[in-house]
Amino acid sequence: MTSQDFVLRAVNLDGGYVIGSSEKELRFVHAVRNVSLNLNYNEILGIAGESGCGKSTLAKILYGAVDPPLVLRRGSIYLHTSEGRIVDITKLDKEDLAKRIWWREISYIPQNSMNVLNPMKRIRDTIIETFKFHGIEISKDEVTKYVRDLFDFVGLPTDVLNAYPHQLSGGMRQRVVITLAMMLNPRIIIADEPTTAVDVVTQLNILTFLREYQNSKKSSIVIISHDMGVHAYMDTAIAIMYAGSIVEYGKSEEVFQEPLHPYTKMLMSSLIVRGDKGLKRGIPGSPPDLRNPPSGCKFHPRCPFAMDICRKEEPPIIEISKNRFVTCWLYAKR
Amino acid sequence: MNNTDTLLHINNVTKLFGYGLLGLRKFRALNNVSLTMPIEPEILVIVGETGSGKSTLLKIILRMLVPDYGTVLYKGKNIFKMKSSEVRWYRQEVQAVFQDPFETFNPLRPVVDYLNDTLKYLLKVRNASERKTLIDQTLRFVGLSLEKVDGKRSNEFSGGELQRISIARALLSRPKLLLADEPVSMLDASLRVDILNILKDVKENLKTSIIYVTHDILTAYYVGDRIAVLYRGDLVELGPITKVYNEPLHPYTQLLLSSVLEPSLDIRKKVKPLKRSTIELKEFLLQGCKFAMRCPYATKKCYETPPPEIKINGRAVRCWLYAT
């Protein structure tokens, strides 16, 4: 793969949380296992998985926000900057990241982003402060001019600038945070469950906005969600996570039309669509506890095709065709 | 109202909540809502976004809130004018399952105690071995057993298992009406559909009616027989679920249904969003139709006069578009 293709490339990321109160009792929760990913220029990459599968942890690591108890044990993240250089953001210190990379190159929309605004500050002041932090002085009137287009795009009236966060609904606050994340024109946006706490009408507005914005700026988005409907609507490519590993990756048409991994297959067939009242079945069992995961393939206790080797050894990543990967013993040539 | 042909009759219920500094100004969290459930078992879905009044309605049916106007009759009896013996009977007949299974159970108490308590105090089952049999029976109905549950606390179960236990507890008294408030919204997609299948089973095999409250249009379609759509305290549309989904009448129902992101690739071509947001309280205080500020068909009349309930082929809709 040439360096032109990717904007962000993660290689063999491995990390998790160190928990425990005393030195002796320290335990490691292995939340991200050997994950490699490419985010290409002008694409929306979806990361799907159930709660506790490590998708939010992966998002934090990709953003470079590795703070204790989260630790990154191995791996590199190469960022193709707007100046055309390639930097490994795991090697940068916090100050460098904050001044040069965050907001300018990569923005992060955290989960429950509606609650991140300072309740004591008007929206206008929050925006001015963000600019100031990145070395841009802007006056109160200029703010209105600057954000008008963005606000128009997300469907917010400009009066919002003078409001305190509590005066806005959840969906409006979420849009304010998204506007903030886009203000400095980042090339990469990492959005962690951007629409979980809002109703379906607002959800569609926010997602459509993200998609149109991505399309007009030719930027790249990583979208993390448990909701397969969101992925169907948004994704160019999709990675399915289970218990810390990516079990399947491919163009979203391919994954939706012909899922390969047993987990993806069962997940897809458990989804409800309109016009079909026929009986559906969920996946038996429940997702594993990452503190104490099963041996071998982490899905084997719930998998109807589990073989001996699945219980003993972790499955390899198998390339089925170009840019189509599955991590499952069923597809291994032996 | 004849007490043999209706299970639940909600009659023009209005609930006021205060707002502002002292809460002296009031808005209508529920506005003149009427609903009837037949005695034959059915699953009625109540759909609405946050602030639609769906939880308020549920709390009124559970006798946790008293409406400011209107009455609620259960099998012909006004539930707010019951003697204490009737209240006990009502508690047996009407049971509830809540949204967050981890908050339902005290983490310091074995979960089986909750089932035991229900039998002991609500149903007065004195014999311990009889209680065990009943608990085991009910747990088996939801796909568990006493053996799997006995002695364990809530942190030893997954969300899906806890929700099953929660349903089992509610079913112990053989209720005629089960209220389920977003029972699957906290669960993972792979476990969701199994809980919904249990609800279907409860209706089919135990002949228990269910009110399923949700904001999730797709799960609503999967389990529901009839649907009631709430918007800012108004019941805007009511009818058989397939009819409403195939041909929504109220502009809000149309917007809601067209916004659903189905997990299939066709979705990309289908949807076109509406870009307008409004301040919630302003909508609640509208004199006329609460949806007027967002409605593409709104006229002056919509802002000024509340729309009447219009009946069309066994369905009901509150919208001036259909008034003749």
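As a starting point, this report considers the structure included with it. (Residues numbered from 1 in each chain as written. Chains lettered and ligands numbered in written order. Predicted model: local features only at pLDDT ≥ 70, side-chain atom pairs only at ≥ 80, totals over all residues.)

Here we take up the overall build of chain B. A count of helices and strands for chain B gives 14 helices and twelve strands. Here the C-alpha atoms of chain B give a radius of gyration of 21 Å, agreeing with the 20 Å that 2.2 N^0.38 yields for 324 residues. C-alpha extents for chain B along the principal axes are approximately 65 × 50 × 45 Å. Burial status across chain B gives 42% buried among its 324 residues. When contacts within chain B are restricted to residue pairs at least 6 apart in sequence, long-range pairs at least 24 apart make up 64% of them. (Helix = DSSP H or I, 4+ residues; strand = E, 2+ residues; numbered from the N terminus. Rg over C-alpha atoms; globule rule 2.2 N^0.38 Å. Buried ≥ 20, exposed ≤ 12 C-beta atoms within 10 Å, placed from the backbone. Contact = placed C-beta atoms within 7 Å.)

The next thing to look at is the packing of helix 4 (residues 140-154) of chain A against helix 5 (residues 170-182) of chain A. Residues and elements named next belong to chain A. In contact at an axis separation of 10 Å, helix 4 and helix 5 are set at 135 degrees when each is read in the N-to-C sense. Here helix 5 runs oblique to helix 4, going by the angle between their axes. By crossing handedness, the relation of helix 4 to helix 5 is classed as right-handed. Contact residues: helix 4 offers Val 147, Leu 150, Phe 151 and Val 154, while helix 5 offers Arg 175, Ile 178, Thr 179 and Met 182. Along the lines of polarity and charge, the residues of the contact of helix 4 with helix 5 split into six nonpolar, one polar and one charged. (Axes fitted to C-alpha atoms, helices over the stretch in contact; angles between N-to-C directions. Parallel < 35°, antiparallel > 145°, perpendicular 65-115°, else oblique. Left-handed = near helix turned anticlockwise from the far one by under 90°. Nonpolar A, V, L, I, M, F, W, Y, C, P; charged D, E, K, R; others polar.)

Moving on: the interface of chain B and chain A. Where interface size is quoted, it is often the accessible area lost as the parts come together. The interface is formed by 36 residues belonging to chain B together with 36 residues belonging to chain A. Taken together, the elements giving at least two residues each to the side of chain B that touches chain A come down to helix 8 (189-206), helix 9 (217-223), helix 11 (251-258) and helix 12 (267-270) of chain B. Considering every element that reaches the side of chain B that touches chain A, the biggest residue donor is helix 8 of chain B, with seven residues. Its residues assigned to classes, the side of chain B that touches chain A comprises 17 nonpolar, ten polar and nine charged.

In a beta sheet, neighbouring strands pair by backbone hydrogen bonds and run either parallel or antiparallel. Residues and elements named next belong to chain A. Strand order across the open sheet formed by eight strands is 6-7-8-3-9-10-12-11, with mixed pairing between neighbours. Each of the sheet's edge strands pairs with one partner strand only, and the pair in question is strand 6 (106-109) and strand 11 (317-321). Between one strand and the next, the sheet's axes are offset by a mean angle of 20 degrees, whatever the strand orientation. Pairing analysis gives two bridges linking strand 10 (residues 245-251) to strand 12 (residues 324-327), with the strands arranged antiparallel. Across the sheet, residue Glu 248 finds its bridge partner in strand 12, namely Val 326. (Pairing = 2+ DSSP bridges.)

So, on to helix 11 of chain B. Those residues of helix 11 of chain B lying buried are Pro 251, Tyr 252, Thr 253, Leu 255 and Leu 256 of chain B. As for helix 11 of chain B, its buried residues are in contact with helix 6 (200-217) of chain A together with helix 9, strand 9 (226-231), strand 10 (234-240) and helix 10 (241-246) of chain B.

A few words on the sheet that holds strand 4 (residues 70-80) of chain A. Residue and element names in this part refer to chain A. Taken together, four strands build an open sheet; the order of strands is 2-1-4-5 and the sheet is antiparallel. Of all the strands in the sheet, the pair left with one neighbour each is strand 2 (27-40) and strand 5 (86-88). The sheet shows a mean angle of 5 degrees between the axes of neighbouring strands, direction not considered. In this structure, strand 1 (residues 6-19) lies alongside strand 4, joined through eight bridges in antiparallel fashion. Its bridge partner being in strand 4, Gly 15 is matched across the sheet by Leu 72.

Turning our eyes to something else, we now look at the pairing of strand 11 (residues 309-312) of chain B. As paired strands, strand 11 of chain B and strand 12 (residues 315-318) of chain B are joined by four bridges and run antiparallel to one another. Within the sheet, the bridge partner assigned to Glu 309 of chain B lies in strand 12 of chain B and is Arg 318 of chain B.

A few words on unusual backbone geometry. A cis amide bond, omega 5 degrees, links Pro 68 of chain A with the succeeding residue Pro 69 of chain A. Summarising the element assignment, Pro 69 of chain A is placed in the loop between helix 1 (55-63) and strand 4. Within the chain, Glu 193 of chain A stands out as a residue other than glycine whose phi angle is a positive 45 degrees. Following the sequence through the fold, Glu 193 of chain A ends up in the loop between strand 7 (188-192) and helix 6. Positioned with a positive phi, Arg 174 of chain B is a non-glycine residue whose angle comes to about 50 degrees. You can see Arg 174 of chain B is positioned in the loop between helix 7 (159-171) and strand 7 (177-181).

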